[in-house]
Amino acid sequence: MSDNIAGNLHVANEVLADMVGNAAMECYGIVGMAAPSAADGIAKILPNSRLRRGVVVTATDRGIHVDLYVVVEYGTNINTVSQNLIDQVSFALTQYAKVPLDGIEVHVQGIKVRK
């Protein structure tokens, strides 16, 4: 099954957002995804069926730009968790989806004690 077939593959941003959301939830120190705009100042953790809402994927000239809105576990180092998250997401996108990355930004929307 190593035949090469000519053509282009287009992956929808929603599919990439699902991949990013799942990769983020596997990262140590991430309690959950949050909505991009916390209107009342309180970040609500999204259920696993709505992980895509905590991820904004934008196509640019140089590749895919990802904004992640997360809730971090209390007591963890935010910088280390964010860097691990960036590494996990970039690995998933470059190895599984084979898309070029323009950048990944992590927005910590809240801190929560894991139950």
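See the structure printed just above.
Notes on the structure in this doc start here.

Parameters at a glance
Residues numbered from 1 in each chain as written. Predicted model: local features only at pLDDT ≥ 70, side-chain atom pairs only at ≥ 80, totals over all residues. Heavy atoms only, no water. Salt bridge = Lys/Arg side-chain N within 4 Å of Asp/Glu carboxyl O. Helix = DSSP H or I, 4+ residues; strand = E, 2+ residues; numbered from the N terminus. Buried < 20%, exposed > 50% of the residue type's maximum accessible area, 1.4 Å probe, protein only. Axes fitted to C-alpha atoms, helices over the stretch in contact; angles between N-to-C directions. Parallel < 35°, antiparallel > 145°, perpendicular 65-115°, else oblique. Left-handed = near helix turned anticlockwise from the far one by under 90°. Contact = heavy atoms within 4.5 Å. Nonpolar A, V, L, I, M, F, W, Y, C, P; charged D, E, K, R; others polar.

A side chain with one charge may pair with a side chain of the opposite charge, provided their charged atoms come close. A full pass over the atoms with the stated rule returns two salt bridges. The residue Arg52 makes a salt bridge to Asp18 at a minimum N-O spacing of 2.6 Å. With Arg52 in the loop between strand E1 (30-33) and strand E2 (55-60) and Asp18 in helix H1 (residues 13-25), this pair connects stretches of sequence that are 34 residues apart. The class of Asp18 is partly exposed, set by a relative accessible area of 30%. A salt bridge links Arg62 to Asp102, with the shortest nitrogen-to-oxygen separation between them at 3.2 Å. Of this pair, Arg62 sits in the loop between E2 and strand E3 (63-73) while Asp102 sits in strand E4 (residues 101-112), and the two are 40 residues apart along the sequence.

A word on the packing of H1 against helix H2 (residues 78-97). At a minimum axis distance of 9 Å, the contact between H1 and H2 shows a crossing angle of 135 degrees. In terms of axis orientation, H1 runs oblique to H2. Between H1 and H2 lies a crossing of right-handed hand. From H1, Leu16, Met19, Val20, Ala23 and Ala24 reach across to H2, where they touch Leu85, Gln88, Val89, Ala92, Leu93, Tyr96 and Ala97. Residues belonging to the contact of H1 with H2 are distributed by class as follows: 11 nonpolar, one polar and no charged.

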